[in-house]
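Notes for the structure review
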Amino acid sequence: MIRTLWELFSVFFKVGLCTFGGGIAMLPILERELGEKRGWVTGDELLDYFAIGQSTPGIIAVNVATFVGYKRAGFIGGCIATFGMVAPSIIIITLIAKFISNFSEIAWVKKALTGINVAVAAILTNAVYTFSKKSVKNLFGFILLVISFVLIFIFKVGTVYVIFGSAILGVILAACRGEFKKEVEK
């Protein structure tokens, strides 16, 4: 059990330390670290964790760490994985606050952050593309993606409403297809 907890902490610490751009930017890294390298989650499970993490309070990556940790080692595993994910940020922010008074005013820091922002935009674009390829599996999904995009970016509808509306439409479609009866019969 100690070894499992240490693995959870160290994997999520590494991900938290080496990733810029937030939860969505972490998707390819988490997929590689958790799915491909360790087999802790499947691609579909990770997408489900991201979807749930997106629609629940908190940071997506932290929520995913909690879900994976809980799956691997119960409540303690969830806590350890979560701490592993947030520990690098806590350490770095504490050091910056302690030793550098006007950190954002330093010229080389401004230039570095500008470069990081461009790289993060590219990472996010790749993550969105990868995420949509895996989650849009049929015509309904594609239509829902387009409608959601239009609602959010053109009509400025809040993402919470779009997520809840999409969830309701998904449940209605599944009920119309009789998919709930199939699940009960299993």
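Below is a summary of the structure that appears in this document. (Residues numbered from 1 in each chain as written. Predicted model: local features only at pLDDT ≥ 70, side-chain atom pairs only at ≥ 80, totals over all residues. Heavy atoms only, no water.)

A look at the packing of aromatic side chains
The condition is simple: Aromatic rings from Phe, Tyr and Trp, with only the six-membered ring used for Trp, were paired whenever their centres fell within 6.5 Å, and each pair was classed as stacked if the ring planes differed by under 30 degrees, edge-to-face if by over 60, and tilted otherwise. Only DSSP runs of H or I covering at least 4 residues are called helices, and only runs of E covering at least 2 are called strands; the numbering of each starts at the N terminus. Per-residue accessibility, obtained with a 1.4 Å probe over protein chains only, is compared with the maximum for each type, and a residue is labelled buried under 20%, exposed over 50%, and partly exposed between these values.
Across all of its chains, the model carries six aromatic pairs by this definition. With a centroid separation of 5.4 Å and 40° between ring planes, the pair formed by tyrosine 49 and phenylalanine 67 is classed as tilted. Here phenylalanine 67 lies in helix α4 (residues 60-99) and tyrosine 49 lies in helix α3 (residues 43-55), a separation of 18 residues in the sequence. Judged by its relative accessible area of 27%, phenylalanine 67 falls in the partly exposed class. Judged by centre distance (6.3 Å) and plane angle (55°), the rings of phenylalanine 50 and phenylalanine 131 are tilted. Of the two residues, phenylalanine 50 sits in helix α3 while phenylalanine 131 sits in helix α5 (residues 107-135), which places them 81 residues apart along the sequence. For phenylalanine 50, a relative accessible area of 1% gives the class buried.

Quick look at unusual backbone geometry
Positive phi is not limited to glycine here, since lysine 156 has a value of about 55°. Of note, lysine 156 is situated in the loop between α6 (139-153) and α7 (159-176). Here lysine 156 falls in the exposed class, since its relative accessible area comes to 65%.

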